[in-house]
Amino acid sequence: MNTNARTLRIAHSSHGKFHHQDLARQLYRLGVLDTFFTGYPRFKLKTLGVPENKLRTFPVLEVAYHAGLRYGLLKGRVKRELEWRKHENFDRAVARYMPAVDAYIGLSCASLYAGQAVQRQGGLYLCDRGSSHILTQNTLLAEEDDRQGIKYHSIDPRVLEKEQHEYATADAILVPSEFARRTFIAEGIPESKLRKVPYGVDLDRFKPVGTPAAGTFEVLFVGSVSPRKGVSDLLKAYAAVSHPDKHLRFVGAVSGALRPVLELAQRADASIDVLGPYPQGRLPEIMSRSHVLVLPSIEDGFGLVQAQAMACACPVLATSNTGAEDLFTDGVEGFIVPIRSPDILAERLQYLADNPEQRQQMSQAALQRVQRIGGWDQYGANIVATVNEVLDARK
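Residues numbered from 1 in each chain as written. Predicted model: local features only at pLDDT ≥ 70, side-chain atom pairs only at ≥ 80, totals over all residues. Heavy atoms only, no water.

I tried to follow the sheet that holds strand β9 (residues 246-251) on my own but got confused; where do I start?
Sheet architecture is open: six strands sit in the order β10-β9-β8-β11-β12-β13, paired in parallel fashion. The strands lining the two open edges of the sheet, one partner per strand, are β10 (272-276) and β13 (334-337). Taken over all neighbouring pairs, the strand axes of this sheet differ in orientation by 20 degrees on average, direction set aside. The pairing of strand β8 (residues 217-222) with β9 spans six bridges and is parallel. Counterpart to glutamate 218 in the pairing with β9 is histidine 247. Sitting on the sheet, helix α9 (residues 259-268) touches β9 and β10, and the angle it makes with β10 is about 140 degrees. Along the sheet, helix α12 (residues 342-354) contacts β8, β11 (292-295), β12 (316-319) and β13; its crossing angle with β13, the most-contacted strand, is approximately 170 degrees. (Pairing = 2+ DSSP bridges. Helix = DSSP H or I, 4+ residues; strand = E, 2+ residues; numbered from the N terminus. Axes fitted to C-alpha atoms, helices over the stretch in contact; angles between N-to-C directions. Contact = heavy atoms within 4.5 Å.)

Could you clarify how one ought to interpret the side chain of glutamate 163 in this entry?
Topologically, glutamate 163 is positioned in helix α6 (residues 157-169). A distance of 2.6 Å separates a polar atom in the side chain of glutamate 163 from a polar atom in the side chain of tyrosine 167. In this structure glutamate 163 touches Ser108, Cys109, Arg129 and Ile134, once residues within four positions along its chain are discounted. (Polar contact = N/O pair within 3.5 Å; in protein donor to acceptor, adjacent residues only side chain to side chain.)

Quick look at the structure:
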């Protein structure tokens, strides 16, 4: 077994941020990072903690795409085409400049050609998929839009095809949760090809910085406010909760499909606030001042906000499709419920509203549990151990 991490050379790529900038920082800290390929411009990477000679950036289409989203210029076919182009161009650029390394970790949908380039040189290709299997994801999202009466625009067929090609080509597939792992097995991927490595959390940034107001019941949602996140189920559940001073706050960008639903809910109940996106630096305060974070997602490979909330001593109420079971035990640090179950969500919320002592016990248990799980340092070490394991298996 390769026990000396410093003998490894790992290339890593991600067109966006996700958890990959944290991983790049850890790989560099461990002395194994050869090159980090990114779609972020260099001026956005000055605080990354990785020296410039370890970075290669291809930002043109990534910047154009996000600028188009910000100013409402990308819709329909134009948005889909630019999204596909930026993934394809990034993947081909990484393949063109790929060094000779022991292993390459690439984000799914943008790592096929780069992975093949590494394999031709004798290295490993690990495909990093942060969500469920692409076919499972497509099915769940289609079902949810149908349930909500929304016209579903399927995941781009080119993406569906390419991701499956990546899964078949990769030497190993990295997934962040047991939920995600199960979907790959259900779709016919050999269990031996899968490696589960749950994400870390920034324990220096996320910590308790306050407490909820006495006499209130503060419910928080953080994430993209979209059908995928089960927001309609949360609204139904919250409406059924009885408490004299309850509040529900949404933090995150609101999708067009849900904007009228939220506006209607706010007109009916003044205790619902839609706060829009928050920078990461502001999240610890609102998490610390909430009694529970609710993540009722229909499909979510690993909801990072769960660990962030737990690190702020905020219990979590989440569905089984969020990676929750890899973070906490149902009934101890929070509750885990089936997807599309607003009645059960309401029961769990009512229990938390009615039982402040148990709520406080969950708060402390959540904080202790996430501290045991560890931060990004532990995640980086687990990734390096996984790469060594796959190298040993090939030998």
